[in-house]
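Inside the fold
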Amino acid sequence: MVEKMESVIIGGGQAGLSLSYYLTQAGREHIVLEKSSQVADAWRNRRWDSFCLVSPNWTFKLPGAEYADSDPEGFMLKGEILRRFERYEQDNHLPVSYSTEVTRVEPMDDHYKYRIFTDDKVYEAMNAVIAIGLYHKVKIPAFAGQIPADILQIPSDSYRNPQALPPGAVLLVGSAQSGSQIAEELHEADRKVFLSTCSAGRIPRRYRGIDGFDWLTRIGFFDRTPTMLSSPKDRIFGSPHLSGKGGGHTLSLHKFSRDGMILLGHVKGFEDGNLVIAPDLKENLAAADTFAANAIKMIDAYILKTGMDAPVEEVEILDDGFRASVITSLDLAAEGISVIIWATGYSNDYSMVRLPILDAYHYPISDRGVTKHPGLYFIGMNWMNKFKTGFLMGVGEAAQYLADVISKEKH
């Protein structure tokens, strides 16, 4: 069965829904194809039970449903996030087809430029919009297959709560945003936690009376463009760690070490029954500290430049992690480790699109989501002219631009 459509949006997450909102407002024919059975699949099924936003509630900016309630500086829980997405789809009558997985997108030499294959139907569309984001496959190293089968290995997006894990110590691999939050939750549940660190940075939850996320917004951190980076590779990095839990607080690897968590360098192999650990713990700690120090310097400079009345604050300097032993080999059995959680980031998979669309770093080549292939667009990723375009606070701006481009096309 073939159905013709002006625009087909592939992916019904925050980006696909935001674009659908603007196309609906403009009266443009389109459909959103979502492979899951419900709205907000990533928020619903790829987050742990106690998950909450790490950015303040005011950053929830789905177009037409921007946060306007009584707690803009709070951090909404997973259930509230899901309710807002559900209301968003229902209130705006967005044309979403659920349980519809797209298997292939190929060009056509016709008025309808793209043929989109799903599991039960083929669409021919003037415009095809890839709105599946960046995070597709968890990066689990090949040597994980050598680890004994009696040790449970899961990606971080499969973690739900401490009680769902078998008894024993837990190795958390990766100390960016998700890894650090999960490690803290497990430690607070009295689990013995080993945390394999990376070079992800840290930002203060609050500094000089204002939330750290608010400061980063004010100083233009999220409005940076790819041309401001030293290398295109810098578009893909671990998000700085902090937490919105319990009203929000700073996460520090040094405090983790002070509290009894065992910090490691990055895991690089498995030999003779032991995990091989790189001796780079102190370098990773220094990288997190440097990121935090640079953020504070930029904030201080902004306050000075603008003449803001912000009380001076002395930042506590912790160094506990630097005094921890550097471990280069970890005997999983001897340490009683029963679970390994891989919080090692994601790789992209755009193989459904049968066109040359990726750069050397497997990132879609586009100008604000507009590719060199007429009628083919991308949305839902960071750095689509600004860092924030993949976040809740920036997706609306990206969607409005793309909707305007599509609406101005002549057919």
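It should be noted that the structure appears before, not after, this text.
Taken together, five strands build an open sheet; the order of strands is β8-β17-β9-β10-β13 and the sheet is parallel. Looking at which strands have only one partner, the edges of the open sheet turn out to be β8 (152–155) and β13 (262–264). Within this sheet the neighbouring strands show an average axis-to-axis angle of 20°, counted without direction. Relative to β13, strand β10 (residues 193–196) is paired through three bridges, and the arrangement is parallel. Across the sheet, Phe194 pairs through a bridge with Ile262, a residue of β13.

Moving on: the side chain of His254. Position of His254 among the secondary structure elements: in helix α6 (residues 253–258). For His254, a relative accessible area of 1% puts it in the buried group. Here His254 is in contact with Leu285, Asp289, Leu318, Asp319, Asp320, Gly321 and Phe322, once residues within four sequence places are set aside.

Below, the discussion takes up the state of the cysteines. Chemically, a disulfide is nothing more than a covalent bond linking the sulfur atoms of two cysteines. One pass over the structure, following the stated rule, counts zero disulfides. Of all cysteine sulfurs, the one in Cys198 lies closest to Cys52, which takes part in no disulfide; the gap is 20 Å. Judged by its relative accessible area of 4%, Cys52 is buried.

The residue Leu285 is located in helix α7 (residues 281–306) in this model. Judged by relative accessible area, Leu285 falls into the buried class, the value being 0%. The sequence separation of Leu285 and Tyr207 amounts to 78 residues, and the corresponding C-alpha distance is 20 Å. Once you skip the residues sitting within four places of it in the chain, Leu285 turns out to touch Leu253, His254, Leu263, Gly321 and Phe322.

Rules of the game
- Residues numbered from 1 in each chain as written.
- Predicted model: local features only at pLDDT ≥ 70, side-chain atom pairs only at ≥ 80, totals over all residues.
- Heavy atoms only, no water.
- Pairing = 2+ DSSP bridges.
- Helix = DSSP H or I, 4+ residues; strand = E, 2+ residues; numbered from the N terminus.
- Axes fitted to C-alpha atoms, helices over the stretch in contact; angles between N-to-C directions.
- Buried < 20%, exposed > 50% of the residue type's maximum accessible area, 1.4 Å probe, protein only.
- Contact = heavy atoms within 4.5 Å.
- Disulfide = S-S within 2.5 Å.

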